[in-house]
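Residue strings, one per chain:
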Amino acid sequence: MKQLLVKELECGQRFDKFLGKYLKEAPKSFIYKMLRKKNITLNGKKATGNEKLQLNDEIKLFLSDDTIQKFCGEEKSSSEIDLDIVYEDSQILFVNKPAGMLSQKAEKQDTSLVEYITGYLLKNKFLTKEDLRTFRPGVCNRLDRNTSGLVAAGKTVQGLQEMSKWFKERNLHKYYLTLVRGKIEKPAHIKGYLWKDEKKNMVMICQKQREGSLPIETKYEPLGISKNGDTLLKVELLTGRSHQIRSHLAGIGHPVIGDWKYGEKEKNECFRKKYGVEYQLLHAWILSFPETEGILEELSLKTIIADIPEKFQRVLEGEGLAKYVVEKNKGDVKKHE
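What comes next concerns the included structure. These figures come from a predicted structure and were not determined experimentally.

As for its position among the elements, Asp110 is in the loop between β5 (92-97) and α4 (113-123). Comment: no salt bridge for buried Asp110; closest opposite-charge side chain is Arg145, at 6.0 Å. Of note is the side chain of Asp110, whose polar atom sits 2.9 Å from the side chain of Asn39. Here Asp110 is in contact with Asn39, Phe62, Ser64, Leu102, Lys105 and Glu115, once residues within four sequence places are set aside.

So, in structure tokens, the structure goes:
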């Protein structure tokens, strides 16, 4: 990923003109395709290209270093990103993924967390370029692009296979933190069926099974109610389906704030204006592991927590909810070094 800040001498021009100068060797069709797919964003949002740039506008290019170098028409040093490594051992590492980053490539020109992890392991000499001929690190779980939090990656074939198996067989507990519209006062365990429309990349929650649907289960516990009557939830994901938490909570009338696909536009606009919220306030927060032996024995009985993103934390502070996060988890979760 490449991040750019618009300087004073660059203000006032159209975004597509700026991109045409910066990626001077790229066809216009490529630039507009990347804008449509949100591989190039402006201030964290999808852009059309006709926006007028202003001072300190933030531009992000979710493209590989090679692609950027190729279309800039000159050799550039590889851009680096500081990964938030929450835990690492000889087999596995856990990264606190920021919102806006793909867990893995959707298309060939994408740069995802997988590429950043590969670069990290090469830099730290855990892997060599020769090793990559026969093994490439991979992620064991995926988060939506605009969801932050814990993603596990295998550093070895065995580590990748075993951890992926744990996620598939639900041998670990997964907890998310989210802020939802409206007041929820009691914990609940909700069930249903999820049906995905592949063309629209959206899901629908059904109470009865239909052809192509999958069973889902979600638990949640209210941690606190904001001064404006919204609820901070700790959610346990019992089945890991596409968009499950977002669609399931929206289906019971409590959409995730900042979710533009399943959420409430008016509420989202309010939080965007007040706090600059551009992504859903949904964070893959905690992973708790059972007692185990074998290849993943270093994770036995460990509980790992990913720090809450800065913007999410500002929302919690502004809504009078920050204290509930500390109180509910004090002493039973910690960041493992």
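Turning to the nonpolar core, a few remarks are in order. Counting residues in hydrophobic clusters, the biggest one holds 49 residues, and the most contacted among them are Phe94, Met163 and Phe289. Sorting elements by how many residues they give to this core places α4 first, with 5 residues. Excluding residues that lie within four positions of it along the chain, Phe94 makes contacts with Asp84, Ile85, Val86, Tyr87, Leu150, Val151, Ala152, Met163, Leu287, Phe289, Leu299 and Ile304. Ranked by size, the runner-up nonpolar core spans 22 residues in total, among them Val6, Ile59, Phe71 and Cys72.

Moving on: the packing of helix α1 (residues 15-22) against helix α2 (residues 28-36). With their axes 10 Å apart at the nearest point, α1 and α2 run at an angle of 125 degrees to one another. Relative to α2, α1 is oriented oblique. Of the two elements, α1 crosses α2, and the hand of that crossing is right-handed. Contacts between α1 and α2 involve Phe15, Asp16, Leu19 and Gly20 on the former and, on the latter, Ile31, Tyr32 and Leu35.

A cluster of basic side chains, namely Arg36, Lys38, Lys46 and Lys261, defines a positive patch on the protein surface. Inspection of the secondary structure puts Arg36 in helix α2.

With that out of the way, let us pick up the sheet that holds strand β3 (residues 58-61). With antiparallel pairing, 3 strands are arranged side by side in an open sheet as β1-β3-β2. Two strands bound the open sheet, and with one partner strand each, they are β1 (2-5) and β2 (40-42). Pairs of neighbouring strands in the sheet enclose a mean axial angle of 15 degrees, with direction left out of account. Bridging between β1 and β3 involves 4 bridges; their strand directions are antiparallel. Residue pairing across strands places Leu5 opposite Glu58, the latter belonging to β3.

Cut-offs and rules
- Residues numbered from 1 in each chain as written.
- Predicted model: local features only at pLDDT ≥ 70, side-chain atom pairs only at ≥ 80, totals over all residues.
- Heavy atoms only, no water.
- Helix = DSSP H or I, 4+ residues; strand = E, 2+ residues; numbered from the N terminus.
- Buried < 20%, exposed > 50% of the residue type's maximum accessible area, 1.4 Å probe, protein only.
- Lys, Arg positive; Asp, Glu negative; His and termini not counted.
- Salt bridge = Lys/Arg side-chain N within 4 Å of Asp/Glu carboxyl O.
- Polar contact = N/O pair within 3.5 Å; in protein donor to acceptor, adjacent residues only side chain to side chain.
- Contact = heavy atoms within 4.5 Å.
- Core = buried A, V, L, I, M, F, W, Y, C linked by side-chain atoms within 4.5 Å.
- Axes fitted to C-alpha atoms, helices over the stretch in contact; angles between N-to-C directions.
- Parallel < 35°, antiparallel > 145°, perpendicular 65-115°, else oblique.
- Left-handed = near helix turned anticlockwise from the far one by under 90°.
- Patch = residues over 30% accessible without salt bridge, like charges linked within 9 Å, V, L, I, M, F, W, Y side chains within 5 Å.
- Areas by Shrake-Rupley, 256 points an atom, 1.4 Å probe, with all protein chains shown as cover.
- Charge placed at Lys NZ, Arg CZ, Asp CG, Glu CD.
- Pairing = 2+ DSSP bridges.

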